[in-house]
There are 2 protein chains.
Amino acid sequence: MEKIRIGIAGYGNLGRGVECAVKQNPDMEIAGIYTRRDPSAVKPLTEGVKVFKTDALEEKQDIDVLILCMGSATELPIYTPKYAAMYNVIDSFDNHNDIPKHFANVDAAAKKAGKLAAISLGWDPGLFSLSRAIATLALPRGENYTFWGRGVSQGHSNAIRRIEGVLDARQYTVPVESAVEAVRRGENPVLTTRQKHTRECFVVAAEGADKEKIRQTIVNMPDYFADYDTTVTFITQEELDRDHKGLPHGGSVIRSGKTGWNEENDQVVEFKLTLDSNPEFTSGVLVAYARAVARLAREGRTGCMTIFDIPVSYALPVSPEEMRAHML
Amino acid sequence: MEKIRIGIAGYGNLGRGVECAVKQNPDMEIAGIYTRRDPSAVKPLTEGVKVFKTDALEEKQDIDVLILCMGSATELPIYTPKYAAMYNVIDSFDNHNDIPKHFANVDAAAKKAGKLAAISLGWDPGLFSLSRAIATLALPRGENYTFWGRGVSQGHSNAIRRIEGVLDARQYTVPVESAVEAVRRGENPVLTTRQKHTRECFVVAAEGADKEKIRQTIVNMPDYFADYDTTVTFITQEELDRDHKGLPHGGSVIRSGKTGWNEENDQVVEFKLTLDSNPEFTSGVLVAYARAVARLAREGRTGCMTIFDIPVSYALPVSPEEMRAHML
């Protein structure tokens, strides 16, 4: 059987994660890595894989599905619709508020070109979204809760790094365990932002920097920290490199609902992730759904889809017979 | 919009659960309850709902989806294919070994009649199956574990009731917490049947019955108890009725896998259910997927499907736009 040819656009943590995930999926191979850096300076992990300038994508490459491993803030809104006009594509667009607009743009481009796209794959959005949907269909009367962490938020870490006098930083999002437990007990608590998560910041300050001023700037930063109980710990670069090198993450989607004629029974559904590597797990989901995109495109599907629209059987490399015999 | 008309075939715990679930789904209504008992002796919870003898189904009823609320051992293998030749149907067939055969029978009957069927919906098989699939696609290198309980097994309770001198019984399946914790830590332990679950039996013995003999019969019963550490506690009927009336259940599907170029990172996915009422939760899933069957049948799909084949969007009563805006 011919392998599914995966293009990787962008070669940061996520792109390297996709490369590792392809290695674990024998029905796939890497068609090429596309980067804005100097290709000769990029060393792929996979033997024999070619690296190109992103511009090479402008001339039709032999790719079944292009996985866009770029940022949601400024890159994906441009590049997913752009490449959906030439390739089957998939991305991990995670700006929840802008999903409807992004979907419309990608859908229009893909439909016009007769290509298929899938957006917002990964774990949130992605498997967490699917879990919210599954729990909601089983329990129409209930509440969904999503807790993130304990894990590194790269966006928040970057926000701290932009402060004057900060050399480096790592920010952990931490769920408030008592809130998680109350939800698990089916209490359906009303929780403010502050009651759901705390934020832990590990900061390397420049010599002579005003640490108290840095701390105040962090804890009062609107959107990022002001609505949370935030702790700031100053450490050395050596300590940061030694103790905070990984990108762990995870969290829980919990739905608690009522069933019965008088809604007398409590039912709780939880989907929980405990991840050593956030980008590698996201990549695993992207690669599996790239398989689904390749298959659905072969069946003639075009336009944009989300995880809600794709039967899970399309994302797995086993036959329906095997799935029914061993997984059902 | 016209409501989806649900037929309920079988009116035990599961049938009543379906009735309660339809109440929570305003886009549905009950077309009729079909029972082998005397219809005049059956009192539905829903005002105005008619009760018929099961035979009435032989003459085409005005039903969009017939939900078969019957046992997997002897009834569903006969009745799901039979009614799939006349109606769109859904069942909770849970005899894992016989699923391929059941699927083939139902698929043939439904295809021939131009009807659509979905089998093995509920939580295991059902949402647990979907969770095994989701975790496996994200983590191709890993192991799936399924733990059930703490919860009442009706099959095991019935097996005890058949022993001479036993008046009533309740059996709880209990996961071994240390095994669950080892799996959660990503240790991928090899576990025997005995190491995964224990069985707790609460038994009401007849006056003068030989309790030690009953205990020995239980703990040595092949298939049901012999491979487990089983405890037997004798109680009065009053205690059983007071303390063991409910049908709680639940459990966890856990997959622990490795990612990274050298598989250096541990990733753990867990899907967990904590249910006050097993039949009511199963019913909620059945009713939601009955919606999916009704919609897919309208699109012209025929034959048999499983939870792996059905996009989750079809099971939810919200538009794709709403799902993308609020659930993704």
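Every value quoted in this text rests on a predicted model; they were computed, and no experiment measured them.

Procedures and definitions
Residues numbered from 1 in each chain as written. Chains lettered and ligands numbered in written order. Predicted model: local features only at pLDDT ≥ 70, side-chain atom pairs only at ≥ 80, totals over all residues. Heavy atoms only, no water. Helix = DSSP H or I, 4+ residues; strand = E, 2+ residues; numbered from the N terminus. Rg over C-alpha atoms; globule rule 2.2 N^0.38 Å. Buried < 20%, exposed > 50% of the residue type's maximum accessible area, 1.4 Å probe, protein only. Contact = heavy atoms within 4.5 Å. Areas by Shrake-Rupley, 256 points an atom, 1.4 Å probe, with all protein chains shown as cover. 1 Å grid on protein atoms, 1.4 Å probe; cavity = no way out; pocket = protein on both sides within 12 Å on 5 of 7 lines; lining within 4 Å. Points joined across faces, edges and corners; volume = space filled by probe spheres on them. Nonpolar A, V, L, I, M, F, W, Y, C, P; charged D, E, K, R; others polar. Phe/Tyr/Trp six-rings, centres within 6.5 Å; stacked < 30°, edge-to-face > 60°. Lys NZ or Arg CZ within 6 Å of the ring centre and 35° of its normal. Polar contact = N/O pair within 3.5 Å; in protein donor to acceptor, adjacent residues only side chain to side chain.

**Looking at the overall build of chain A**
Here is step 1 of the chain: The helix and strand inventory of chain A stands at 11 helices and 14 strands.
Here is step 2 of the chain: Here chain A has a C-alpha radius of gyration of 22 Å; the compact-globule value for 328 residues is 20 Å, and the two agree.
Here is step 3 of the chain: The proportion of buried residues among the 328 residues of chain A is 56%.
Here is step 4 of the chain: A separation of at least 24 residues holds for 68% of the contacts in chain A among residues at least 6 apart in sequence.
Here is step 5 of the chain: Total accessible area on chain A stands at roughly 14000 Å², and carbon and sulfur atoms take up 48% of it.

**Regarding the layout of surface pockets**
All names here are of chain B.
Here is step 1 of the chain: Approximately 1900 Å³ is the volume found for the second largest pocket.
Here is step 2 of the chain: Looking at the second largest pocket, it is lined by 46 residues, and the ones nearest its centre are Asp94, Asp124, Ser153, Gln154 and Gly155.
Here is step 3 of the chain: Across the lining of the second largest pocket, the residue classes break down as 14 nonpolar, 23 polar and nine charged.

**A closer look at empty space enclosed by the protein**
Here is step 1 of the chain: Overall, the coordinates contain three cavities of 30 Å³ or more when judged by the stated rule.
Here is step 2 of the chain: Taken as a whole, the largest cavity encloses approximately 70 Å³ of empty space.
Here is step 3 of the chain: Leu130, Tyr289, Ile307, Ile310, Pro311 and Val312 of chain A together with Leu130, Tyr289, Ile307, Ile310, Pro311 and Val312 of chain B together form the lining of the largest cavity.
Here is step 4 of the chain: Class assignment for the residues of the lining of the largest cavity results in 12 nonpolar, no polar and no charged.
Here is step 5 of the chain: Ala138, Pro140, Thr259 and Gly260 of chain A together with Gly17, Cys20, Ala21, Gln24, Glu280 and Gly284 of chain B are the residues that line the second largest cavity.
Here is step 6 of the chain: Secondary-structure elements contributing two or more residues to the lining of the second largest cavity are helix H1 (13–23) and helix H10 (278–298) of chain B.
Here is step 7 of the chain: The leading source of residues in the lining of the second largest cavity is H1 of chain B, at three residues.

**Thoughts on the packing of aromatic side chains**
Here is step 1 of the chain: The final tally for this structure, using the stated rule, is 10 aromatic pairs over all chains.
Here is step 2 of the chain: An angle of 15 degrees between the planes, with centres 5.9 Å apart, marks the rings of Tyr79 of chain A and Tyr83 of chain A as stacked. Remark: Tyr83 of chain A and Tyr79 of chain A occur in helix H2 (residues 76–84); sequence separation between them is four residues, near one turn of the helix.
Here is step 3 of the chain: Its relative accessible area of 23% is what places Tyr79 of chain A among the partly exposed residues.
Here is step 4 of the chain: A relative accessible area of 1% means that Tyr83 of chain A is categorised as buried.
Here is step 5 of the chain: Ring plane angle 80 degrees and centroid distance 6.0 Å describe the contact between Phe128 of chain B and Phe271 of chain B, whose orientation is recorded as edge-to-face. Here Phe128 of chain B is found in helix H4 (residues 127–138), whereas its partner Phe271 of chain B is found in strand E13 (residues 265–275), with 143 residues between them in sequence. Across this residue pair, the class does not change: Phe128 of chain B and Phe271 of chain B are buried.
Here is step 6 of the chain: One aromatic cluster in this structure is built from Trp123, Phe128 and Phe271 of chain A.
Here is step 7 of the chain: A cation sits over an aromatic face here: Lys196 of chain B above Phe147 of chain B, 5.5 Å from the ring centre.

**Examining the side chain of Asp124 of chain B**
Here is step 1 of the chain: Tracing the sequence through the fold places Asp124 of chain B in the loop between strand E6 (116–118) and H4.
Here is step 2 of the chain: Under the relative-accessibility criterion, Asp124 of chain B is labelled buried at 17%.
Here is step 3 of the chain: A distance of 2.8 Å separates polar atoms of two side chains, one belonging to Asp124 of chain B and the other to Arg132 of chain B.
Here is step 4 of the chain: Here Trp148 of chain B takes part through its side chain, which lies 2.9 Å from a polar atom of the side chain of Asp124 of chain B.
Here is step 5 of the chain: Apart from residues no more than four positions distant in its own chain, Asp124 of chain B is found in contact with Leu328 of chain A together with Asp94, His96, Ser129, Arg132, Thr146 and Trp148 of chain B.

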